[in-house]
Amino acid sequence: MKRLLSLPPLVLLIVSLWLSACQPATAPTPPAAQPAQPTAAPATSETTLTVFAAASLTDAFNEISSKFEAQHPGVKVTFNFAGSQQLRAQLEQGAVADVFASANTIEMNNAIRSELVVSGTQKTFVRNRLTVIVPKDNRANIQSLADLARPGLKIVLAAPGVPVGGYALTALDKMNQQFGATFSQTVLSNVVSNEDNVKQVVAKVQLDEADAGIVYTSDVTPAAAEKLTAMAIPDKFNVIATYPIAPLRAAPQPQLATDFIQYVLSGEGQAILQKWGFIGK
Amino acid sequence: MIKPFIGRVLVVAASAALLLYLIVPLSVVILRALDADLIEQFAQPTVAQAVRLSLLTSSISAAIVVTFGTPLAFRLARRKVRARPFIETLLDLPIVLPPAVAGLALLMTFGRRGLFGPMLEALNVSLPFTTIAVIMAQTFVAAPFFIRSAQTGFAGVPHHLEESASDLGANHWQVFRRVTVPLAGPSLLSGIILSWARALGEFGATILFAGNFIGRTQTMPLAIYQAFESDLGSAIAIAALLIVISFVFLIILRSITRGRLAHPML
């Protein structure tokens, strides 16, 4: 007893060392608390629907959720927007959610393999395409895809494990057909950072910290377009991103989850998605 | 101990609970790492590069902090600086601010569109996305830990001992080196350790200002964060390595300083 009371200084030092080293890791994903959406007056017992969705779906799903809440009084939709790979990892570690919307089939298949989603319940609900973005000023004067291989450029991509990062690598490989077998390699040697989700890539280009980035066409929202310019990637090089959505096996609100997915798949939901730059399923 | 029995039990229980809360998760990481295919994990270039980069940048950051922080801490401790309360509050800021704020602040100052952006560009210098940016981020968040601790240490050195030394013929530098520093030793040491550890664990400011690129800016915390999503085994391996490295470095640092303090001639 007495020995515990006079704690050895070394232990105390270790204790304080880790107290200081273990700073809360401020996750760089966009905050899940989105600007308040007008909802129907909640009933005294409010039901929460938790949706884990790829970062690229932020604007579209926020609008979809407010329409959904209007149609389902008493329901509050809360989101966790992040890279699909991070969402799947969180779910594997025990995070609780009702719906998982991924930006590629790889992470949905991972979720199925981890028994988070019942195989066969996933549905493709929207598609997307890639585009190159440059800051509004375009001081690096990037005028064509070939310019991306210019030495000294600062290109920001999402990490290969992030859906859009994987798609970007595929698109760059396709460009080798026209620009030479070493094109993608040269472009990749210009990459200065591998971000954790697509919105981080958008942010870095908007801040003019990067000369170019590869994101989804849907990421060039009206707000984003004020600070950056999109440079189209021709279809022959482009990649069609397929987004699956599925209810989670351990969903606390399975019926609501199905309702939400149905809304996303409905004409209304699809119209909202297409309004925000996505391609229909 | 004059405390009543219940009081003593509560104190012990609270202490034990907190200690366990800290020790158990760390031990779990180590144990899980031992379970996995460690050799395979550590052979991966991602892990090796992250370790190398972390050790390099945190050591440089600590060195910068000590070099520039010691004079500041000494002045704050000794001279009657008028703006002292303000400076102390300013120095405490990076401790309480979320690291992401530090990262954003550095970006707004040293980024291409930052305050010094045009000037840096004129000098053909670009800081974001470089290893230097990692060091800048680490230095920013870690500096207060050393400076405040060193200040306390210097302030606690009895003046009469320094006066005696200079009366006996020692010049300022000799007084500082042979009297002040050894007496302030424990505070200096804990300050170095804390700031070094803070630099090693830095994440938020790094990922915002320096970005994430293997070998150049992906320090161990960033590597853990990325590996968590794709390869949990890798993340655990890096985390375990971080724990062990910190522990070993701590022991070495303490034994060196204890040795120096005991045998100043060595």
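Scroll up a little and you will see the structure.
What you are looking at is a predicted structure, and each value in this text was computed from that prediction instead of being measured. Once a new chain begins, its residue numbering starts again from 1 and follows that chain's sequence as written. Key to labels: chains lettered from A, ligands numbered from 1, both in the order written. The predicted origin of the model limits local features to residues at a pLDDT of at least 70 and limits the giving and counting of side-chain atom pairs to 80 or more, whereas totals for whole chains, interfaces and linings rest on all residues. Side-chain descriptors were evaluated using all non-hydrogen atoms of the structure, hydrogens and water having been removed beforehand.

K.L.:
Any chance you could explain the overall build of chain B here in plain terms?
P.N.:
Of the regular secondary structure elements, chain B holds 12 helices and 0 strands. Numbering of helices and strands runs from the N terminus; a helix is a DSSP stretch of H or I covering at least four residues, while a strand is a stretch of E covering at least two. Ordered by position in the sequence, the α and β elements of chain B form the string α-α-α-α-α-α-α-α-α-α-α-α. For chain B, the spread of C-alpha atoms along the principal axes amounts to about 65 × 65 × 40 Å. Counting only residues that meet the buried cut, chain B has 43% of its 266 residues in that class. By sequence separation, contacts in chain B at least 24 residues apart represent 73% of the contacts at least 6 residues apart. Only the protein chains shown count as covering a residue, and every accessible area follows the Shrake-Rupley method with a 1.4 Å probe. Accessible area of chain B: about 14000 Å², with a carbon and sulfur share of 71%. Here the positive residues are Lys and Arg and the negative ones are Asp and Glu; neither His nor the chain ends is included. Lysine's charge is taken at NZ, arginine's at CZ, aspartate's at CG and glutamate's at CD. Within chain B, one finds 20 positive and 12 negative side-chain charges whose respective centroids are separated by 11 Å. Using a 1.4 Å probe on the protein chains alone, a residue whose accessible area is under 20% of its type maximum counts as buried, one over 50% counts as exposed, and one in between counts as partly exposed. By definition in these notes, contact holds between two residues if any of their heavy atoms fall within 4.5 Å.

K.L.:
Honestly, the sheet that holds strand S5 (residues 130-135) of chain A in this entry has me stumped. Any pointers?
P.N.:
Across a sheet, strands are paired by hydrogen bonds formed along the backbone, either parallel or antiparallel in direction. Residues and elements named next belong to chain A. When DSSP finds two or more bridges between two strands, those strands count as paired. Strand order in this open sheet of 5 strands is S7-S6-S8-S5-S9, and the pairing throughout is mixed. Each edge of the sheet is formed by a strand with only one pairing partner; in this case those strands are strand S7 (191-195) and strand S9 (228-232). The average angle at which neighbouring strand axes cross in this sheet is 30 degrees, direction not considered. Inspection of the sheet shows strand S6 (residues 155-158) paired to S7 by 4 bridges, in the parallel sense. Following the sheet pairing, Ala158 is matched in S7 by Glu195. To obtain each axis, a line is fitted to C-alpha atoms, and for helices this fit is confined to the stretch in contact; angles are then taken between N-to-C directions over 0 to 180 degrees.

K.L.:
Could you clarify how one ought to interpret the packing of helix H3 (residues 45-78) of chain B against helix H9 (residues 172-200) of chain B in this entry?
P.N.:
Two packed helices can be described by the angle between their axes and the distance between those axes. All names here are of chain B. Here H3 crosses H9 at 135 degrees, and the two axes come no closer than 9 Å. When the axis of H3 is compared with that of H9, the two are oblique. As H3 packs across H9, the resulting crossing turns out to be right-handed. Contact with H3, carried on its side by Ser54, Ser58, Ser59, Ser61, Ala62, Val65, Val66, Thr70, Phe74 and Arg78, involves Phe176, Thr180, Ile192, Ser195, Trp196, Ala199 and Leu200 of H9 and no other residues of that element. Ten residue types, Ala, Val, Leu, Ile, Met, Phe, Trp, Tyr, Cys and Pro, are classed as nonpolar, four, Asp, Glu, Lys and Arg, as charged, and the remainder, Gly among them, as polar. Grouping the constituent residues of the contact of H3 with H9 by class yields 9 nonpolar, 7 polar and 1 charged. Relative orientations are named as follows: roughly parallel for angles under 35 degrees, roughly antiparallel for angles over 145 degrees, roughly perpendicular for angles from 65 to 115 degrees, and oblique for any other angle. Note on convention: near helix rotated counterclockwise from far helix by under a right angle means a left-handed crossing. Clockwise means right-handed.

K.L.:
How should I be thinking about the environment of B:Leu120 in this particular structure?
P.N.:
Residue and element names in this part refer to chain B. By secondary structure assignment, the location of Leu120 is in helix H6 (residues 117-122). What makes Leu120 buried here is its relative accessible area of 11%. Taking the C-alpha atoms as reference, Leu120 lies 7.8 Å from Phe110; in sequence the two are 10 residues apart. Discounting residues that sit within four places of it in the chain, Leu120 has contacts with Phe110, Val125 and Leu127.

K.L.:
Whenever I open this one, the pattern of salt bridges confuses me. Can you help?
P.N.:
Pairs may arise between side chains of opposite charge once their charged atoms sit close together. The rule for a salt bridge is simple: a side-chain nitrogen of Lys or Arg has to be within 4 Å of a carboxyl oxygen of Asp or Glu. For the coordinates displayed, the defined rule picks out 19 salt bridges over all chains. With a closest N to O distance of 2.9 Å, A:Asp219 and A:Lys199 form a salt bridge. Residue A:Asp219 is found in the loop between strand S8 (212-216) and S9, and its partner A:Lys199 is found in helix H8 (residues 198-206); the two are separated by 20 residues along the sequence. Residue B:Glu202 is joined to B:Arg198 by a salt bridge in which the shortest nitrogen-to-oxygen separation is 2.9 Å. Given the relative accessible area of 1%, B:Glu202 is considered buried. If you follow the salt bridges from partner to partner, you end up with A:Asp137, A:Arg139, A:Asp208, A:Asp211, B:Arg112, B:Arg113 and B:Glu121 in one network.

K.L.:
Hey, could you run me through the sheet that holds strand S2 (residues 75-82) of chain A in this one?
P.N.:
Residues and elements named next belong to chain A. The strand order S2-S1-S3-S10-S4 describes an open sheet built from 5 strands, whose pairing is mixed. Each of the sheet's edge strands pairs with one partner strand only, and the pair in question is S2 and strand S4 (123-128). In this sheet, neighbouring strand axes are inclined to one another by 20 degrees on average, regardless of whether the strands run parallel or antiparallel.

K.L.:
Would you explain the packing of H3(B) against helix H7 (residues 131-155) of chain B in this entry?
P.N.:
Residue and element names in this part refer to chain B. Following both chains from N to C, one finds H3 and H7 inclined at 40 degrees, their axes separated by 6 Å at the closest point. Viewed along their axes, H3 and H7 form a crossing whose handedness is right-handed. The residue inventory of the contact of H3 with H7, partitioned by class, reads 19 nonpolar, 9 polar and 1 charged.

K.L.:
So what exactly am I meant to see when it comes to the environment of B:Glu163 here?
P.N.:
Tracing the chain through its elements places B:Glu163 in helix H8 (residues 159-167). For B:Glu163, a relative accessible area of 46% gives the class partly exposed.

K.L.:
Is there a simple way to think about the packing of aromatic side chains in this case?
P.N.:
Two aromatic rings are characterised by how far apart their centres lie and by the angle between their planes. Pairing of aromatic side chains requires ring centres within 6.5 Å, counting the rings of Phe and Tyr and the six-membered ring of Trp. Pairs whose planes differ by under 30 degrees are stacked, by over 60 edge-to-face, and all others tilted. Applying the stated rule across the entire model yields 18 aromatic pairs over all chains. Judged by centre distance (6.0 Å) and plane angle (45 degrees), the ring pair of A:Phe61 and A:Phe79 falls under tilted. Remark: A:Phe79 occurs in strand S2 and A:Phe61 occurs in helix H3 (residues 58-71); sequence separation between them is 18 residues. For the pair A:Phe61 and A:Phe79, a shared accessibility class is recorded, and that class is buried. Look at A:Phe79 and A:Phe81: their rings are 4.7 Å apart centre to centre, the planes differ by 20 degrees, and that puts the pair in the stacked class. Across the pair, A:Phe81 and A:Phe79 agree in class, each one buried. Taken together, the ring pairs in this structure connect A:Phe61, A:Phe68, A:Phe79, A:Phe81, A:Phe125, A:Tyr167, A:Tyr216, A:Tyr243, A:Phe260, A:Tyr263 and A:Phe278 into an aromatic cluster. For a ring to carry a charge above it, either NZ of a lysine or CZ of an arginine must fall within 6 Å of the ring centroid while also lying within 35 degrees of the normal to the ring plane. Seen from the ring of B:Phe213, B:Arg216 lies directly overhead, with NZ or CZ sitting 4.4 Å from the centre.

K.L.:
What am I meant to see in the pairing of S2(A) here?
P.N.:
As a general feature of sheets, a regular strand has side chains that alternate between the two faces. Residue and element names in this part refer to chain A. With 6 of 8 residues buried, S2 is to be regarded as a mostly interior element. Of the pairings in the sheet, the one linking strand S1 (residues 47-54) to S2 comprises 8 bridges and is parallel in character. Across the sheet, residue Leu49 finds its bridge partner in S2, namely Val77. A crossover gets the label right-handed when its path from the first strand over the helix to the second runs clockwise, viewed with the strands pointing away from the viewer. Following the backbone out of S1, through H3 and into the adjacent parallel S2, one traces a crossover that is right-handed.

K.L.:
Just to check I follow, could you spell out the side chain of A:Ser56 for this structure?
P.N.:
Residues and elements named next belong to chain A. Structurally, Ser56 can be placed in the loop between S1 and H3. Given the relative accessible area of 4%, Ser56 is considered buried. Excluding residues within four positions of it along the chain, Ser56 makes contact with Val198, Lys199, Tyr216, Ser218, Asp219, Tyr243 and Phe278.

K.L.:
How should I be thinking about the nonpolar core in this particular structure?
P.N.:
One broad rule of soluble globular proteins: the nonpolar side chains tend to lie buried together. For our purposes a nonpolar core is just a set of buried Ala, Val, Leu, Ile, Met, Phe, Trp, Tyr and Cys residues, chained together by side-chain atoms within 4.5 Å. One finds A:Leu57, A:Phe61, A:Phe125, A:Phe260 and A:Leu273 to be the most contacted residues of the largest nonpolar core, which totals 73 residues. Ignoring any residue separated from it by four or fewer positions in sequence, one finds A:Leu273 in contact with A:Leu57, A:Ala60, A:Phe61, A:Ile64, A:Phe125, A:Val126, A:Val264 and A:Phe278.

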